[in-house]
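# Examining the three-dimensional arrangement
Chain by chain, the residues run as shown.
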Amino acid sequence: MMDYAVALAVTFLLLAGSSFALVAALGIVRLPDLYTRMHAASKAGTVGSGMLLVAAGIASGEVAVFARALAGFVFFLLTAPVAAHLLAKAAHQTGYRLGPQSVRDDLVER
């Protein structure tokens, strides 16, 4: 019975993580400008890859592998938003414009 519950948890995490990764990929392709694409990649990509890591850790059946997978997920959660912020800030400083759908630019010099 416990093996069935673990298999269900791993299946759910794999499907959910793959769905988040798909949404991130679609966001990169479909969104209008660099900033919204970066948002899709950093948010959905981080959650998707984290779920896939945790699923792999659970499926391994070893505590050490699960701990490393969990540590990798925490590392993703801590670094991906910071990296996306710094890349967006650098893009803005070099003059990369927002898309036409954007309402306002909070970083513009007034």
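You'll find the structure just up there.
These numbers come from a predicted model, not from an experiment.

So, how was this worked out
Residues numbered from 1 in each chain as written. Predicted model: local features only at pLDDT ≥ 70, side-chain atom pairs only at ≥ 80, totals over all residues. Heavy atoms only, no water. Helix = DSSP H or I, 4+ residues; strand = E, 2+ residues; numbered from the N terminus. Expected span 1.5 Å × (residues − 1). Bend = angle between axes of the 7 residues up to and from the residue. Buried < 20%, exposed > 50% of the residue type's maximum accessible area, 1.4 Å probe, protein only. Contact = heavy atoms within 4.5 Å.

### Topic: helix α2 (residues 34-60)
For α2, which comprises 27 residues, the first-to-last C-alpha distance of 37 Å matches the rise-based estimate of 39 Å (1.5 Å per residue) to within 8%. Where α2 bends most, the angle comes to about 30 degrees, and this point is G45. Within the sequence span of α2, burial applies to Y35, M38, A40, S42, A44, T46, G48, G50, M51, V54, A55 and G57. Those residues of α2 that are buried are in contact with α1 (2-30) and α3 (63-93). Where α2 ends, the next residue or the one after it, G61, has phi of about 80 degrees, a positive value.

### Some details on the environment of F76
Looking at the element boundaries, F76 is found in helix α3. It is 6.2 Å that separates the C-alpha atoms of F76 and T46, two residues lying 30 residues apart in sequence. Ignoring sequence-local partners within four residues, the contact set of F76 consists of T46, S49, G50, L53 and P81.

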